Amino acid sequence: MAKIRVVSGKRSTGELHLGHYFGALKTWVSLQDQYECFFFVADWHALTTDYQDPTLIEKNVLSNVADWLALGLNPKKATIFIQSHVKEHAELFLLLSMITPVSWLERNPTYKEQLRQLGSATLQNKDLSNFGFLGYPVLQTADVMMYKGGKVPVGEDQVPHLELSREITRRFNHLYGNIFPEPEALLSEAPKIPGTDGRKMSNSYNNCIYLSDSKEVVTQKIMTMVTDPARKRRQDPGNPKDCPLFDLHEVYTKDESVIKEVEKGCTTAGIGCVDCKKILLKSLLPWHEQYLEKRTSIMKKPSFVEDVLSEGSKKAQTEAQKTMGEVRKAMKI
C-alpha cells in the first residue's frame, strides 16, 4: 500500500531560528520516516510580503536548506525542492484562482490577522493590498494538490488556511471530477519558544536566537534574556510559569530532577536568574554545537545542497507533470 503523502513548505524570508525548528522542522524530521514527504522552499510565497526587495529570498534558499539538512532532513527519505523550480505550481494556482470565490479569501481570519500585524509600524509598514497576499491560500492549495497531499503539518493558527484548501479541493472535484484527496491537518503540539524579550520568537521582533549563531552569541543572548518580571531583586521569589526562560528549560533540559530543582530554586529564590540561565546553557549549548558542526560541514560543500535541490526539484516536477496532465484532461483544456 502506498504511503500517505505529506506536503509542507517554508518561506525563505530570513535566517532560521529556534522557533522555526521546534515549530515545524522537528516535526518534518519525524514525518519523513512515516510518510512520503515533499518539503519545499516556498520562495513564491515569500514574495507575497517581501516583493519590494526580493534579493534576500534567493540568498536565504541555500542557507535555509543547509539548516534543514543539518537538523536531520534526509534527501533519501524526503523530496526537498524549490517551489519556483516547478512551474506547474503557478499553472495550477492560476486555474484554481478561476474557481475560488473572493469572499472565501476575505473571510479568512488568518489573512485579517496577518494584514494587521504585517502592516503595523513595527513591521516596516508593508503594503499588503495585493492579490498575491490575498490569494496566498490558493497557491498553498495548489502546492498541496500538486502532489495529492493527504496530510499537511500545521499549527493551530494555520488551520483556517487548510480548511480553505479543503473547500477549494471539494469545489474542484465537484466541477471536474474526483481527482484530489481533501488534505487533512496534521496538528503538531509545538512548544512555546520565546524570544530574548519574552515575546514570541520572530524575525520581525529582532528577538531571535538563530540556528546559525555561534556559541558566544547564543550565550550572550541567553544571559541578557528577560525573565520573570516579579524577580526585580535576587532575593525575590519568582514563578516559572511567568518566566520565558523556563519555556526553554522545558524544551532543552531533559533531566527531570534538574527541572524540579530549577522550579524550586525560582519559587523560593534559592537561585537567581543568572544561575538559572547558566543551568539552561549546560543543556542548550551541546545541542547547538552539535548542530553547528553538521551545518559547517554541509556549508563547506555548497554543491551538495545545490544537488539535493536540483534532484528534488526534478523529482517533484515529474510528479507535477503527471498531476497537471490529469487536471488539463479533467478541465478539457
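I will try to describe carefully the structure that is included in this document.

Calculation criteria
- Residues numbered from 1 in each chain as written.
- Predicted model: local features only at pLDDT ≥ 70, side-chain atom pairs only at ≥ 80, totals over all residues.
- Heavy atoms only, no water.
- Helix = DSSP H or I, 4+ residues; strand = E, 2+ residues; numbered from the N terminus.
- Polar contact = N/O pair within 3.5 Å; in protein donor to acceptor, adjacent residues only side chain to side chain.
- Contact = heavy atoms within 4.5 Å.
- Axes fitted to C-alpha atoms, helices over the stretch in contact; angles between N-to-C directions.
- Parallel < 35°, antiparallel > 145°, perpendicular 65-115°, else oblique.
- Nonpolar A, V, L, I, M, F, W, Y, C, P; charged D, E, K, R; others polar.
- Buried < 20%, exposed > 50% of the residue type's maximum accessible area, 1.4 Å probe, protein only.
- Expected span 1.5 Å × (residues − 1).
- Bend = angle between axes of the 7 residues up to and from the residue.
- Phe/Tyr/Trp six-rings, centres within 6.5 Å; stacked < 30°, edge-to-face > 60°.
- Lys NZ or Arg CZ within 6 Å of the ring centre and 35° of its normal.

With that settled, the discussion passes to the environment of K332. Here K332 shows up in the segment after helix 14 (302-331). Here the alpha-carbon distance between K332 and T267, two residues 65 residues apart in the chain, equals 69 Å.

What follows is about the side chain of S313. Within the element layout of this structure, S313 appears in helix 14. At a separation of 3.3 Å, a polar atom in the side chain of S313 contacts the main-chain amide nitrogen of I82. Apart from residues lying up to four places away in sequence, S313 is in contact with I80, F81, I82, H85 and V86.

Turning our eyes to something else, we now look at the packing of helix 2 (residues 43-50) against helix 8 (residues 136-146). Contact geometry of helix 2 with helix 8 gives a least axis separation of 11 Å together with a crossing angle of 175°. Considering their axes alone, helix 2 and helix 8 lie roughly antiparallel with respect to each other. Judged by residue contacts, W44, H45 and T48 of helix 2 engage Y136, L139, Q140 and D143 from helix 8. Residue composition of the contact of helix 2 with helix 8, grouped by class: three nonpolar, three polar and one charged.

Before going further, it helps to spend a moment on the environment of E306. As for its position among the elements, E306 is in helix 14. Taking relative accessible area as the criterion, E306 reaches 42% and is therefore assigned partly exposed. Separated by 225 residues in the primary sequence, E306 and F81 have C-alpha atoms spaced 9.8 Å apart.

This part is about helix 13 (residues 273-299). The end-to-end C-alpha distance of helix 13 is 36 Å, a good match for the 39 Å that 27 residues give at a rise of 1.5 Å each. Where helix 13 bends most, at L281, the angle is about 30°. Looking only at helix 13, the buried set comprises C276, K277, L280, L281, L284, L285, H288, Y291, L292, R295 and I298. Residues of helix 13 that are buried sit in contact with helix 3 (55-71), helix 10 (215-223), helix 11 (244-252), helix 12 (256-267) and helix 14.

Taken as a whole and assessed by the stated rule, the structure comprises 14 aromatic pairs. With a centroid separation of 4.7 Å and an interplanar angle of 20°, the aromatic rings of F38 and Y147 are classed as stacked. Remark: Y147 occurs in the loop between helix 8 and strand 4 (151-154) and F38 occurs in strand 2 (residues 36-41); sequence separation between them is 109 residues. The exposure class assigned to Y147 is buried, which follows from its relative accessible area of 0%. Aromatic side chains F172 and F180 sit 5.4 Å apart centroid to centroid with 70° between the ring planes, which places their arrangement in the edge-to-face category. The exposure classification of F172 matches that of F180, with both residues buried. Pairwise contacts between aromatic rings join Y21, F22, Y252, W287 and Y291 into one cluster. Positioned above the aromatic ring of Y205, the side-chain terminus of R199 is 4.0 Å from the ring centre.

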